[in-house]
Amino acid sequence: MAVVIVTETQDGWLEAIDGVEVVDPREYLTDPVWSNRRGIKLYNLSNSYRYQSLGYYVSLLAEARGHRPLPGVTTLQDLQGLAAVQLVSEELQQIIDKSLHPLQTDRFTLSVYFGRNLAQRYERLSRELYSLFAAPLLRFEFARSQEKWRLRRAEAIPIAEVPQEHVPFLTESAKKHFEGRSVSRPKKTSLRYDLAILHDPNEDELAPSDAKALEKMIRVAASVGLAAQLITRQDAGRLLEFDALFIRQTTAVNHYTYRMARRAEREGLVVIDDPTSIARCTNKVYLAELLDRHNVAAPKTIVAHRGSVDRLGEELGWPIVIKRPDGAFSQGVVKVKDQAELNSHLESFFTQSELIIAQEYLPTAFDWRIGILDGRPLFACKYHMARGHWQIISHDAAPKDRYGKFETMAVEAAPRKAVAVAQKAAALIGNGLYGVDVKESDGRFVIIEVNDNPNLDAGVEDQVLRDELYRRIMEMFLRRIERKKMRESDA
């Protein structure tokens, strides 16, 4: 993807940056050459971003041409009035408080140039703000009130407003940015589009894909024309360099995975897991209501609050299973045998959520996991319970006994009713990639969970299909990207 800087400035610092094209805004807006070019990542460093200025039109027309502008029009709108303040998450607020706490003043202005600030101590805060507001040059104003620092104003600043004494640092930051992984590298002509695979190299053994599976994804992606690249949360500011985002780390709504998915979708990337699927799958209260409304078979389930827990045993029969709404990988799920044991767990559960899930206990030797991609079954696995445990993962066991064995089989060999109910449940969530957990009990097949971020590990879920499993996923990305590009060209 070619990198283009649009700016009126004639300052010499641009000459120090290799591998980029520099063009004046008027030329970019009016020369037909730019209307016809494809595959451009555009950095808009115009002298003004105000409504209907040249800078505004640069971002607007860049989007219409299928180029990738920073900042985009959506970002410019987010940086108006109180909109930016409302985008600050709880996690970012904690970083703001920690970074600014030592200051002796009650007002502070932070300048962020390509994700960096002159002071090293604000590096993390600058990076987080840059990932949230994708613009090359940013300014943030903070105020302290009642011992809390709050973001009061955020703006994308035109290059003309960068103080002269900051220009050397701006030059250094730009060089570092463009000389790093953000500048496109030559690639085979067959690799038509760019795919970012978000992962966390520090995530433990519960990561949804192991290193070998990630390697396979990158290799298979290239075979279908996708240049796939692993990214981490530190690369959030680079999202617009890609055509698609594939999230391969554990997701949650109050987490940067969700925020990155939202931003990628908003900027027009193809996204799996899409933010809607993350929101729906990661909350068991929502899922319970959804399955019940659409008459999808599930264990008998009660959504309970503090005032209704005394009747759970009577209505479900002991033992029962209680679940935290946002638990993952069997965490936040407890089997209790009586009211006393239930009461011993409730305080910690209600500390985190006003509602909990209670379900009848269905003892089985294994759970089915049916992988669904774009509405169609992809793989089928039996996950057996861990030794001496009632779940497939025993977090308190020794490593060798932590997981039960698995059996992967062709989808055609799995029970048709299990596959059918999995497809029905996944269709209620969306058309992405899902792992649907199904229990087989007394001839019934019931839904336990729909996971938006299912495991794809080398030698497990891919044991039958091998590379074909990843090829089907990458071909799905390719189809969606091409459909999107076609719609853009027809617009």
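Residues numbered from 1 in each chain as written. Predicted model: local features only at pLDDT ≥ 70, side-chain atom pairs only at ≥ 80, totals over all residues. Heavy atoms only, no water.

## Overview of the packing of helix H12 (residues 284-293) against helix H15 (residues 416-429)
Okay, so step 1: Two elements in contact, H12 and H15, have axes whose closest approach is 11 Å; the angle formed by their N-to-C orientations is 115 degrees. Every pair of crossing elements has a handedness; the one defined by H12 and H15 is right-handed. Contacts between H12 and H15 pair Leu 287, Leu 290 and Leu 291 from the former with Ala 425, Leu 428 and Ile 429 from the latter.
Okay, so step 2: Tallied by class, the residues present in the contact of H12 with H15 amount to six nonpolar, no polar and no charged. (Axes fitted to C-alpha atoms, helices over the stretch in contact; angles between N-to-C directions. Helix = DSSP H or I, 4+ residues; strand = E, 2+ residues; numbered from the N terminus. Left-handed = near helix turned anticlockwise from the far one by under 90°. Contact = heavy atoms within 4.5 Å. Nonpolar A, V, L, I, M, F, W, Y, C, P; charged D, E, K, R; others polar.)

## A look at H15
An α-helix turns once every 3.6 residues. As a result, residues three or four positions apart point the same way.
Okay, so step 1: Here H15 spans 21 Å end to end across 14 residues, near enough to the 20 Å set by a 1.5 Å rise per residue.
Okay, so step 2: Of the positions making up H15, those classed as buried are Ala 418, Val 419, Val 421, Ala 422, Ala 425, Ala 426 and Ile 429. (Expected span 1.5 Å × (residues − 1). Buried < 20%, exposed > 50% of the residue type's maximum accessible area, 1.4 Å probe, protein only.)

## Here's the deal with the nonpolar core
Okay, so step 1: One finds Phe 140, Phe 142 and Leu 245 to be the most contacted residues of the largest nonpolar core, which totals 68 residues.
Okay, so step 2: In this structure, Ile 197, Tyr 470, Ile 473 and Met 476 belong to the second largest nonpolar core, which totals 35 residues. (Core = buried A, V, L, I, M, F, W, Y, C linked by side-chain atoms within 4.5 Å.)

## Side note on the sheet that holds strand S19 (residues 433-441)
Okay, so step 1: Across the sheet, five strands lie side by side as S18-S17-S16-S19-S20; this open sheet has antiparallel pairing. Of all the strands in the sheet, just strand S18 (406-409) and strand S20 (444-451) have a single pairing partner and so form its edges. With strand direction ignored, the average angle separating the axes of adjacent strands in the sheet is 25 degrees.
Okay, so step 2: Relative to S18, strand S17 (residues 376-384) is paired through four bridges, and the arrangement is antiparallel. (Pairing = 2+ DSSP bridges.)

## Notes on helix H7 (residues 123-132)
Okay, so step 1: Across the 10 residues of H7, seven count as buried, placing the element largely inside the fold.
Okay, so step 2: Of the residues making up H7, those classed as buried are Leu 125, Ser 126, Glu 128, Leu 129, Tyr 130, Ser 131 and Leu 132.
Okay, so step 3: Lining the buried residues of H7 we find strand S4 (68-70), helix H6 (90-100), strand S5 (107-113), strand S6 (137-145), helix H8 (167-179) and helix H10 (256-266).

## What about the confidence of the model for the chain?
Interpretation of the predicted coordinates at a detailed level should be avoided for regions scoring low in pLDDT.
Okay, so step 1: Looking at the chain, the pLDDT average stands at 89 and 94% of residues meet or exceed 70.
Okay, so step 2: Taken element by element, the chain is modelled with least confidence in helix H5 (residues 83-86), mean pLDDT 81, and with most confidence in strand S10 (residues 244-247), mean pLDDT 98. (pLDDT = per-residue confidence, 0-100.)

## Section: the side chain of Ser 209
Okay, so step 1: Here Ser 209 shows up in the loop between strand S8 (193-198) and helix H9 (211-223).
Okay, so step 2: There is a polar contact of 2.9 Å between the side chain of Ser 209 and the backbone oxygen of Leu 456.
Okay, so step 3: Residue contacts for Ser 209: discarding those within four places in its chain leaves Leu 214, Met 217, Arg 248, Leu 456 and Asp 457. (Polar contact = N/O pair within 3.5 Å; in protein donor to acceptor, adjacent residues only side chain to side chain.)

## So, the sheet that holds strand S7 (residues 148-156)
In sheet architecture, strand pairing relies on hydrogen bonds along the backbone and comes in two forms, parallel and antiparallel.
Okay, so step 1: Ordered in space as S5-S6-S7, the three strands form an open sheet in which the pairing is antiparallel. Of all the strands in the sheet, just S5 and S7 have a single pairing partner and so form its edges. Averaged over all pairs of adjacent strands, the angle between their axes in this sheet comes to 25 degrees, without regard to strand direction.
Okay, so step 2: Two strands pair when backbone bridges link them, and S5 and S6 are joined in this way by seven bridges, in the antiparallel orientation. Paired with Arg 107 across the bridge in S6 is Ala 143.
Okay, so step 3: Helix-sheet contacts for H7 involve S5 and S6, and the interaxial angle to S5 is about 70 degrees.

## Things to note about the packing of aromatic side chains
Okay, so step 1: Applying the stated rule across the entire model yields 12 aromatic pairs.
Okay, so step 2: A centroid spacing of 6.1 Å and a plane angle of 40 degrees characterise the contact between Tyr 43 and Phe 114, whose relative ring orientation is tilted. Within this pair, whereas Tyr 43 is found in strand S3 (residues 40-44), its partner Phe 114 is found in the loop between S5 and H7, the two being separated by 71 residues in sequence.
Okay, so step 3: When its relative accessible area of 1% is taken as the criterion, Tyr 43 is described as buried.
Okay, so step 4: Phe 114 gets classed as buried once you look at its relative accessible area, which sits at 5%. (Phe/Tyr/Trp six-rings, centres within 6.5 Å; stacked < 30°, edge-to-face > 60°.)

## Let's talk about the environment of Ala 298
Okay, so step 1: Its location among the elements puts Ala 298 in the loop between H12 and strand S12 (301-304).
Okay, so step 2: For Ala 298, a relative accessible area of 25% translates into the label partly exposed.
Okay, so step 3: For the pair formed by Ala 298 and Ile 447, sequence separation is 149 residues and the distance between their alpha carbons is 4.8 Å.

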